[in-house]
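A look at the structure
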Amino acid sequence: MAPHATTPPPMPHSTPIHPITVFASSRAVVAGRLTEATIVVSNVTGKITSLFHSVLPPTDFPEGTSYTDYSPNILLPGLVDAHVHLNEPGRTEWEGFWTGTRAAAFGGVTTVVDMPLNAIPPTTTVENLKIKIEAAKGKCWVDVGFYGGVVPGNASELQGLVKEGVRGFKGFLIDSGVDEFPAVKPSDIELALKELKDSVTTLMFHAEMIPPITDSVGDDVQRAHPPVAPSGPLTHYSTFLDSRPPSFETYAIAEILSLAHLAPELQLHIVHLSAIEAIPMLREARAKGIKITAETCFHYLTLAAENIQTGDTRHKCCPPIREQSNQDGLWNELLQDLNDGVIQTVVSDHSPCTPDIKLLPAHLAPKKPSTRKPGHDKDCNSCSSSEGEEELAEEKGDFFSAWGGISSVGLGLPILWTEGTRRDANFSVEEIVRWCCKNTAKQVGLEHSKGDLGVGFDADIVVFDETAEFCVEPSTMLFRNKVSPYQDKTLKGVVRETWLRGERVFTREEGFVEKAGPKGKLLLEPRKVVQ
Ligand SMILES: [Zn+2]
């Protein structure tokens, strides 16, 4: 018997069952480091059962064992995208569990965590979470976790949501863009902090707030009358950028920090940090012992305000994509400190919508734009063509009226690899694993099962060809609406295969394993205290 074999049970007169699958490569990221590796996976549990820091030959395993040496491709843990809006139910024409998770699997993302807003109903009560769970069942190609929402008046729901297994909570300090998910005031934050102070969870904030004295009014300008008005043409990106200055972020973060003492043990987190001006204040707070981290997004690390063309609303998101110098500052923060930086995770904030409400100019619009309105199903009478014409009356390319959100789920690995290696030829994929696997798993309480290739972890394995390139086009954007600022860009790094808990779900050559169907699990086990 081979030295590393797990003995299969004898099965006379039938095909022998080999209960392990073996992955080998001269390069794998294990415990954060590139190494040679042979990874043995149980076909029964879908977990990694043993791991060797060398490439063992197939003869070390029982005859007939599924064994593949993927060298020179790199084996990575599946990415955990801790910030995704899947919008189902209620706005399934924007995105859905089926399309969003296929887009994730295509790009090596094996876990996504769905934000509590943009679906209808929002995930702000236990009852609403159950509606979302029903909507997700049987449609997920990767594992899916859920956040709960913090809105005015739902403090009494928060404990129940913790018990039902939400991975954390999110609240907005500014208009969220959808009516059913209103922003919280400081008094609501106080209530949430008191309610969650002893819970094992993460309380996260969309940290933009309109400072009390300012010329800028952000998206409120849409409803404002003169003299409160934007400073230039609404189709110019600079007008939009000026309307949401860094002070919106720093003011909101100062507000959160001023309340943090109410829940000293609770992990706080700033979603999609954009402004580098917020970094020193967060660093100082952490030095004082406040448990607060931040994430940034693929777009803040790779796109820059200077390059955004007039009317190209594919780039609209909040907080906004800032100048090149800001992008450089975010990279410096990410790279400078291995374990104790302010920004520990990088996520997509995949937040799509139908092309019509992006108000794209004709040259940027996909060929057949949908005329359906958000939240309305396909049979909705009010979405007739006359309604569509009314929408067309809005100015195309208006950064203020366009929906804010960028589509990129499943593109993050090549986006970061392309930009990281452009900045530094020695950039290591280990960094991406730290930001997008290990630390994102930790952010949502999955650090014992996701985010690493280690014994006992789920065998979520990505085969990454870091030298190949591809063009972002409709065939490589698997999310529902093919609108993204990355369109027509060439990215370096191709995911050859994606495995979820020991089962192959996608290969670049053959596509999805359609016969087996979606195998994603809903991650609803309540978070545990980290030992
Ligand atoms: Zn978001």
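Per an unreviewed UniProt entry, the chain is named Allantoinase, and its organism is Karstenula rhodostoma CBS 690.94. In its Cofactor (unreviewed entry) section, the UniProt entry covering the chain states "Zn(2+)".

Now for the sheet that holds strand β8 (residues 143-146). Read across the open sheet, the three strands follow the order β6-β7-β8; overall the sheet is parallel. Single-partner strands in this sheet number two, and they are β6 (79-84) and β8. Adjacent strand axes in the sheet meet at a mean angle of 20°, parallel and antiparallel pairs treated alike. Pairing between strand β7 (residues 109-114) and β8: four bridges, direction parallel.

As a further point, take the pairing of β7. For β7, a buried count of six out of six residues is recorded, marking the element as mostly surrounded by other parts of the structure. Handedness of the crossover joining β6 and β7 through helix α1 (residues 97-106) is recorded here as right-handed.

So, about unusual backbone geometry. For the peptide bond that leads from Glu88 to Pro89, omega is 0°, which places it in the cis range. By the element assignment, Pro89 lies in the loop between β6 and α1. That bond from Cys318 to Pro319 is cis: its omega, -5°, falls within 30 degrees of zero. The residue Pro319 is located in the loop between α8 (298-302) and α9 (324-336) in this model. A positive phi angle, close to 95°, is found at Asn118, a residue other than glycine. With respect to the helices, strands and loops of the structure, Asn118 is situated in the loop between β7 and α2 (126-136). Unlike most non-glycine residues, Arg501 shows phi in positive territory, near 45°. In this structure Arg501 comes out as buried when scored by relative accessible area, which is 17%.

What follows concerns the sheet that holds strand β13 (residues 292-297). Read from one edge of the open sheet, six strands run β9-β10-β11-β12-β13-β14, paired in parallel fashion. Looking at the sheet topology across the chains shown, the edges are occupied by β9 (148-149) and β14 (343-347). Sheet topology note: the strand β10 (residues 169-172)/strand β11 (residues 202-206) ladder contains four bridges and is parallel. Paired with Phe172 across the bridge in β11 is His206. Against the sheet, helix α7 (residues 278-287) engages β12 (267-270), β13 and β14, with an angle of about 150° to β13. Against the sheet, helix α12 (residues 429-443) contacts β11, β12, β13 and β14, and its axis sits at roughly 105° relative to β14.

All of the protein donors around the zinc ion are His83 (NE2), His85 (NE2) and Asp349 (OD); their distances to the metal are 2.1 to 2.2 Å. Donor residues for the zinc ion, ordered by position in the chain, follow H-x1-H-x263-D. Within this pair, whereas His85 is found in the loop between β6 and α1, its partner Asp349 is found in the loop between β14 and α10 (385-392), the two being separated by 264 residues in sequence. You can call His85 buried: its relative accessible area is 3%. Looking at Asp349, the relative accessible area reads 8%, which means it is buried.

Let us now look at the side chain of Thr507. Position of Thr507 among the secondary structure elements: in strand β17 (residues 503-507). Reaching out from Thr507, the side chain makes a polar contact with the backbone nitrogen of Glu510 at a distance of 2.9 Å. Excluding residues within four positions of it along the chain, Thr507 makes contact with Arg496 and Glu497.

What follows deals with the environment of Arg434. You can see Arg434 is positioned in helix α12. Considering only alpha carbons, one finds Arg434 and Arg33, 401 residues apart in sequence, at a separation of 9.7 Å.

With respect to the helices and strands, Ser176 occurs in the loop between β10 and α4 (186-196). Of note is the side chain of Ser176, whose polar atom sits 2.9 Å from the backbone oxygen of Phe181. Among residues more than four places away in sequence, those in contact with Ser176 are Leu117 and Phe181.

Strand β15 (residues 461-471) sits mainly inside the fold: eight of its 11 residues count as buried. Where strand β5 (residues 74-77) lies against β15, four bridges are found, and the strand directions are antiparallel. Looking at the pairing, Pro77 lines up with Ile461 of β15. As paired elements, β15 and strand β16 (residues 490-500) share eight bridges and run antiparallel to each other. Bridging from a neighbouring strand, Glu469 pairs with Lys492 of β16.

Parameters and conventions
- Within any chain, residue numbers begin from 1 and follow the written order of that chain's sequence.
- Given that this is a predicted model, residues contribute local features only at a pLDDT of at least 70 and side-chain atom pairs are listed and counted only at 80 or more, while totals for whole chains, interfaces and linings are drawn from all residues.
- Side-chain measures here rest on the full set of heavy atoms in the structure, leaving out hydrogens and waters.
- UniProt positions are given in the numbering used here, feature names are shortened, and annotations may be inferred rather than shown by experiment.
- Pairing between two strands is assigned when DSSP locates at least 2 bridges connecting them.
- Secondary structure elements are defined from DSSP: runs of H or I of at least 4 residues count as helices, runs of E of at least 2 residues count as strands, and each element is numbered from the N terminus.
- Here an axis means a line fitted to C-alpha atoms, over the contact stretch when the element is a helix, while the angle between two N-to-C directions is reported on a 0 to 180 degree scale.
- A simple rule labels every residue: compare its accessible area, found with a 1.4 Å probe on the protein chains alone, to the largest value its type can have, and call it buried under 20%, exposed over 50%, or partly exposed in between.
- Crossover handedness is defined by viewing with both strands directed away from the observer: a clockwise path from the first strand over the helix to the second marks the crossover as right-handed.
- Throughout, a residue-residue contact means that at least one pair of heavy atoms, one from each residue, lies within 4.5 Å.
- In this description, a donor is an N, O or S atom within 2.8 Å of the metal centre, a cutoff extended to 3.2 Å for sodium, potassium and calcium. Water is not part of the atom list, which can make sites seem incomplete.
- A 3.5 Å cut-off defines polar contacts: any pair of N or O atoms within that distance qualifies, except that in protein one atom must be a possible hydrogen donor and the other a possible acceptor, and neighbouring residues in sequence count only when both atoms are side-chain atoms.

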